[in-house]
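So the chains spell out like this:
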Amino acid sequence: MPVSKKYIKQIQDRAKKALNKTAVYGEDIDLNQFQKHIERGKIESLELLPELAKEAALMAGVDVEEKERSGSYVQMDHSVVYKRLSKLYEGKVELMSTNEAVEVYDWLEDYFWRIVQPDTDKYTAQVALNPTHGYFIRILPGQKLDYPLQTCLMIAEGYISQNVHNIVIVEEGAELHIITGCTLSKADAVGIHLGISEFYVKKGGKLFFTMIHNWAENFYVRPRTAVMVEEDGVYVNNYALLKPVKSIQSFPTVYLKGDRASARFNTVIYGLKDSYIDLGSKIIFEGKDTKGESLARTIADHKSVIYSRGDLIAKTQNYCMGRLDCRGIIFSNDASIYAIPQLISHGADRADLSHEASIGPISEEQVEYLMSRGMTKDEATSLITSGFLNLDIPFLPEIIDKHIKEVVQITSKESL
């Protein structure tokens, strides 16, 4: 049975009232300029992707050979072009487009537009009124996959708005690792990616979510993400942005609802050219003995502007612990980094919240020390920067790790 038409209409009615509602953060974008609708045909293998699309997918963390992947979901523009789940995991995990899931499961109403609201701003409203798929993933109770699932949301044409709605449900005691890449196969495309993501981690479940953004200097990005974590649940978010982007703004929220729930954000941002980057994370502590941590490493070069936000909000009378760690390196006199940590405790007398933030150039003392050990200045700078940006993410494709090192090498030569 599908989600009820009455509920869908309620969502749409709320969205219509927010079509002109600006977001709290980030520059306002005129969505009327992105009106194209592009449909794509299905492919039988990721190896059959066009060469430019395949290269873009690789740089966004996609393993086109699928050797160490439990399954794949690939969307290009407004079409799902490829979907595969290993036969080993049939009956253990579900993988389909959200549009399809809405037509199959009436119980999806309990998860669909529940922790991200359709009237949050004009971007959520656009997705609610004009959805173009997105992935639905549900791993059944107690299940665990040997390898990650991979998803790729790709744009191959200009002047479109890709409006995706992703839903992930980790049932009780299950464990799931997702690697998702968001990217362009047309480097000069002007357009916008709107991504709504609602993740649910049930009692004792674990979700490891790794996202690689591989955009371009004329592209706009507006993700809206919320995560609900129940008792003894674990959520880990790894995020990397290493390419220029016209403008991106995202501020995902995790609700630590259950006792002993925990969350961790690991964020790496490399601001290049004229990129306007406004990213952060918010962790809300509601259960007993909850723990949350947000680590951000940012490098600003050329004329990039980076806002690195972090909120820890305690709403429990019981013990909770949260930590923010935001560090930035400035490579150019024209670049800017704004570190904006915020700690809020609503009468939570047992909340232990802390933050640490620092911005500056690479330490000359560290460089001099390494040079005294036989390194050149360039080698010392590159080594320090590589360590600063180290993600240490399991199952990350070698090409991404190599790309990080190459970008660091090229830029670090001009850092001092």
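Keep in mind that what you see is a predicted model, and the values were worked out from it rather than measured.

Conventions we followed
Residues numbered from 1 in each chain as written. Predicted model: local features only at pLDDT ≥ 70, side-chain atom pairs only at ≥ 80, totals over all residues. Heavy atoms only, no water. Helix = DSSP H or I, 4+ residues; strand = E, 2+ residues; numbered from the N terminus. Buried < 20%, exposed > 50% of the residue type's maximum accessible area, 1.4 Å probe, protein only. Areas by Shrake-Rupley, 256 points an atom, 1.4 Å probe, with all protein chains shown as cover. Polar contact = N/O pair within 3.5 Å; in protein donor to acceptor, adjacent residues only side chain to side chain. Contact = heavy atoms within 4.5 Å. Core = buried A, V, L, I, M, F, W, Y, C linked by side-chain atoms within 4.5 Å. Salt bridge = Lys/Arg side-chain N within 4 Å of Asp/Glu carboxyl O. Pairing = 2+ DSSP bridges. Axes fitted to C-alpha atoms, helices over the stretch in contact; angles between N-to-C directions.

**Structural notes on the overall build of the protein**
Alright, step 1. Helix and strand content of the protein: seven helices and 20 strands.
Alright, step 2. For the protein, with 416 residues in total, the buried portion stands at 58%.
Alright, step 3. Of the roughly 17,900 Å² of accessible surface on the protein, 47% is carried by carbon and sulfur atoms.

**Some points on the side chain of E293**
Alright, step 1. Along the polypeptide, E293 turns up in strand β16 (residues 290-300).
Alright, step 2. Of note is the side chain of E293, whose polar atom sits 2.3 Å from the side chain of R323.
Alright, step 3. Every residue in contact with E293, bar those within four places of it in the chain, is listed here: A263, R264, F265, I283 and R323.

**Observations regarding the nonpolar core**
Alright, step 1. Counting 58 residues, the largest nonpolar core has I137, V168, L176, L207, W215, Y235 and L241 as its most contacted members.
Alright, step 2. When neighbours within four sequence positions are excluded, L207 is seen to be in contact with V168, V170, L176, I178, F199, V201, V234, Y235 and V236.
Alright, step 3. Within the second largest apolar cluster, 34 residues are counted, among which are I29, F112, Y123 and V127.

**Some thoughts on the pattern of salt bridges**
Two side chains bearing opposite charge may form a pair once their charged atoms approach each other closely.
Alright, step 1. Counting across every chain of the model gives 27 salt bridges.
Alright, step 2. Ionic contacts of the salt-bridge type, sharing partners, join the residues R264, E293, R297, R323, D325, R327 and E356 into one network.

**Side note on the sheet that holds strand β2 (residues 79-85)**
Alright, step 1. Reading across the sheet, the 10 strands line up as β2-β1-β5-β7-β9-β11-β14-β16-β18-β20 and stay open at both edges, with mixed pairing between neighbours. The open sheet terminates on both sides in strands that have one partner only, identified here as β2 and β20 (351-360). With strand direction ignored, the average angle separating the axes of adjacent strands in the sheet is 5°.
Alright, step 2. Here strand β11 (residues 234-241) pairs with strand β14 (residues 262-271) via eight bridges, running parallel. Residue V236 lies in a different strand from β14, and its bridge partner there is R264.
Alright, step 3. Packed onto the sheet, helix α2 (residues 51-59) meets β1 (71-76), β5 (149-155), β7 (175-184) and β9 (206-214) and runs at close to 130° relative to β5.

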